[in-house]
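Breakdown of the fold
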Amino acid sequence: MDYISNILFAILLIVGVGFFVKNIKRLSRNIKLGKDVKVDDNKSLRWKNMAKIALGQTKMVVRPVAGFLHIIVYAGFIIINIEVFEIIIDGLFGTHRVLSFLGSFYNVLIGSFEILALLVIVSVVIFWIRRNVIKIKRFVKPEMEGWPKNDGNLILYIELLLMTLFLVMNAADYQLQLLDTPHYTKAGAFPISQFITSIFGDMSVSSLIIIERATWWLHIAGILFFLNYLYYSKHLHILLAFPNTYYGSVKPKGQFTNLDAVTKEVKLMMDPNADPFAAPAEDAPIPEKFGASDVQDLNWVQLLNAYSCTECGRCTSSCPANLTGKKLSPRKIMMDTRDRLEEVGKNIDANNGVFKDDGKQLLGDYISSEELWACTSCNACVEECPISIDPLSIIIDMRRYLVMEQSAAPTELNNMMSNIENNGAPWPYNQMDRLNWVKE
Amino acid sequence: MSDQLKVPTMEQFMAEGKQPEILFWVGSAGSFDDRAKKITKAFVKILNKANVDFAVLGTEESCTGDVAKRAGNEFLFQMQAVMNIELLNGYEIKKIVTCDPHSYNCLKNEYPGLGGTYEVIHHTQFIQELIKNGRLTIEGNAFNGKRITFHDPCYLGRANNEYDAPRALLNTIKADVVEMKRSKSTALCCGAGGAQMFKEPEKGDKDINVLRTEDALKTSPNIIATGCPYCNTMMTDGIKSKEKEESIKVKDIAELIAESENL
């Protein structure tokens, strides 16, 4: 027996999976750069949300065309992975179609994989047309220029290639089975690939074996490549949608967090026994920064959100500011957060595990205050996201920094706020006139 | 037809050693904005008609701090909240009703974390309750068959999942309720939220309230109904910009109920 291919396969598998694990470690390290946040509550509701939203795709189908096609690709992805299991065993042990002992059930499996593969190809082609021919608005916004656009297409090409390789592999295998080739167990049903066997013509058995082996290797190598491509693309959602929907907010959407750091200050101000002139104790901790100007000021769920975003743009297409031509795009908020987080992560890697100030930050270098001030806090983006991403919370955290650390609110808002401070209303009316409407 | 409005204050209740059934949180817009004051009065007429034992804080009421919070001024918000909570807890308030979804959201969701826990309801929910309990009967026909479209306020709808109460009330006045394409959870904001009410919009190619008004106009309505004083202002301005103010009215649900019953 010739063990070289088995050894090669084992090496390929170890390298592929090893590299993936390395990237996952980097991903988790970067996410943990965020602040801690309490998410250990409402466990059963959280599991329910994950089952419904991530597994059940309930929010995808709100837009029926994209939702339906997505479910096909999603089902294809999950189910065809059973085939990968067989490929791995065959590759490691030199067997061929090791699961064929399942008999007629195996035929059903292979047959349904083929049908799914075809449906995936059709869906992927429609997706490509939506992005590149029809140019659906949300796919051609300014933040999608360059890499994000290419990334989207590349994912479609890889999926198309993987499905095609799978079908050609089966076709060659089927032809070899028909020719009673030894080692090619007669097993499986080939409802789709049987129609492409004609492309082989009168090809010899050895040529067919070359095609079958080549597509087999390319298929598994392609899968391992795709697995490792995830970290560099917007496609991480296939993994992160699950934790993201679990850790997503379980509170009413209108409820914003009350900043604890501020509560401490307010309590101190309201305390009649506090000495307003007291110098802080020698060992007093540095007061916490209010709001967020960089990714480390956000909490880790917000950073997980950024890695989970697939850049589908449903948020942006429903954002009232974006719909009326303002710069704000909730999708861009998520993309910027991720880009900056990646930059910070690389900085840490390059400086022996410590972040070295690079003179940049999320605010200003990535997200402008013009974008932040255009938000109406209407929650349309949060409602739209198919995997519970919350761009609004990042916008508000950054506004908090602008207002409380930099006093950089637009002038009209400063007027409004001083009115509240002085007379308890956003307008310059006297509090003593609050009941005048009764007599008017 | 209305007599003098009966608007007792908490101070008066306290002096008499009594506790009202509910506290009506009027809010800054409801107290000072000329358009919003009409909504406040319409709601009081309904409360008077249904003999609801209510009180207002009057000159003791202060801004909830909601708009400061949305603008990013958490400090000012918490200062306002802590002062209001002290007052509300001092009066032992249990139940609050308000015509402003922003106050509603803030009091209901954000005050508990700072020590102020109350049952907070929106006026459309409260009126619906009054009708359900037989305390208020709707007999008027003024809006029978009128095409009315309801613009969902973000802080009532998406923020707190209340879509039914306002629509149920429109049905009780026998209106022909027509939905905009973007409605309920996909409703478009009027453009006032997140402190936008108090500033000029950023550079763009259209104002949000105009876009939302266009959504409403597509339903060919007689009336655009709202449940928020800020939405009301934005939609009214939108209708004016389309020069439709003669043919299409923007009304709060409370005003429609009050008009329907000739209050």
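Residues numbered from 1 in each chain as written. Chains lettered and ligands numbered in written order. Predicted model: local features only at pLDDT ≥ 70, side-chain atom pairs only at ≥ 80, totals over all residues.

1. A few points about the overall build of chain B
From N to C terminus, chain B includes eleven helices and eight strands. Here the C-alpha atoms of chain B give a radius of gyration of 18 Å, agreeing with the 18 Å that 2.2 N^0.38 yields for 263 residues. Classification of the 263 residues of chain B by burial places 59% in the buried group. Here the analysis covers contacts within chain B between residues at least 6 apart in sequence; of these, 79% occur between residues at least 24 apart. (Helix = DSSP H or I, 4+ residues; strand = E, 2+ residues; numbered from the N terminus. Rg over C-alpha atoms; globule rule 2.2 N^0.38 Å. Buried ≥ 20, exposed ≤ 12 C-beta atoms within 10 Å, placed from the backbone. Contact = placed C-beta atoms within 7 Å.)

2. Structural notes on the packing of helix H3 (residues 34–49) of chain B against helix H10 (residues 229–241) of chain B
Residue and element names in this part refer to chain B. It is the contact of H3 with H10, at a shortest axis distance of 9 Å, that shows an interaxial angle of 130°. Of the possible angle classes, the one that applies to H3 and H10 is oblique. As H3 packs across H10, the resulting crossing turns out to be right-handed. Taken together, the residues of H10 that come into contact with H3 (itself represented by Arg35, Ala36 and Ile39) are Pro229, Asn232, Thr233 and Thr236. (Axes fitted to C-alpha atoms, helices over the stretch in contact; angles between N-to-C directions. Parallel < 35°, antiparallel > 145°, perpendicular 65-115°, else oblique. Left-handed = near helix turned anticlockwise from the far one by under 90°.)

3. Quick word on the packing of helix H1 (residues 4–31) of chain A against helix H6 (residues 205–229) of chain A
All names here are of chain A. Their axes nearest at 9 Å, the elements H1 and H6 cross at an angle of 10°. With respect to each other, H1 and H6 are oriented roughly parallel. Contact with H1, carried on its side by Leu12, Gly16, Phe19, Phe20 and Asn23, involves Ala221, Leu224, Leu227 and Asn228 of H6 and no other residues of that element. In the contact of H1 with H6, the residues fall into six nonpolar, three polar and no charged. (Nonpolar A, V, L, I, M, F, W, Y, C, P; charged D, E, K, R; others polar.)

4. What about helix H4 (residues 104–132) of chain A?
Residues and elements named next belong to chain A. For H4, spanning 29 residues, the distance from its first C-alpha to its last is 42 Å, which sits close to the expected 42 Å at 1.5 Å a residue. Within the sequence span of H4, burial applies to Ile110, Phe113, Glu114, Leu116, Ala117, Val120, Ile121, Ser123, Val124 and Phe127. Buried residues along H4 sit against helix H3 (64–93) and helix H5 (147–178). (Expected span 1.5 Å × (residues − 1).)

5. Quick notes on the domain arrangement of chain B
All names here are of chain B. Split into domains, chain B comes out as domain 1 (10–130) and domain 2 (138–260). Summarising the inter-unit geometry, the C-alpha centres of domain 1 and domain 2 are found 22 Å apart. At the interface, 26 residues of domain 1 touch 26 residues of domain 2. The set of elements that each furnish at least two residues to the side of domain 1 that touches domain 2 consists of helix H2 (27–32), H3, helix H4 (66–70), helix H6 (101–110) and helix H7 (123–132). (Domains from an automatic or database assignment.)

6. Thoughts on the confidence of the model for chain B
Scored by pLDDT, chain B comes out at a mean of 96, with 99% of its residues at no less than 70. Here the complex is predicted with pTM 0.95, and the ipTM for its interfaces comes to 0.96. (pLDDT = per-residue confidence, 0-100.)

7. Describing the sheet that holds strand S1 (residues 22–25) of chain B
Residue and element names in this part refer to chain B. Taking strand neighbours across the sheet as the criterion, the four strands line up as S2-S1-S3-S4 in an open arrangement whose pairing is parallel. Looking at the sheet topology across the chains shown, the edges are occupied by strand S2 (54–55) and strand S4 (119–122). Pairing of S1 with strand S3 (residues 95–98), which is carried by three bridges, proceeds in the parallel orientation. Counted as the bridge partner of tryptophan 25 is threonine 98 from S3. Taken strand by strand, H6 contacts S1, S3 and S4, and its axis lies near 160° from that of S4. (Pairing = 2+ DSSP bridges.)

8. What about unusual backbone geometry?
Residues and elements named next belong to chain B. With a phi close to 60°, asparagine 161 is a non-glycine residue in the positive phi region. Mapped onto the fold, asparagine 161 is located in the loop between strand S5 (147–150) and helix H8 (164–172). For glutamate 243, which is not glycine, the phi dihedral falls at a positive 50°. Relative to the elements of secondary structure, glutamate 243 occurs in the loop between H10 and strand S8 (249–252). Given 8 C-beta atoms within a 10 Å radius, glutamate 243 is considered exposed.

9. Focus on the interface of chain B and chain A
Taken together, the contact pairs 58 residues of chain B with 57 residues of chain A. The set of elements that each furnish at least two residues to the side of chain B that touches chain A consists of H2, H3, H4, helix H5 (74–90), H6 and helix H9 (208–217) of chain B. Considering every element that reaches the side of chain B that touches chain A, the biggest residue donor is H5 of chain B, with seven residues. Here the side of chain B that touches chain A is composed, by residue class, of 21 nonpolar, 22 polar and 15 charged.

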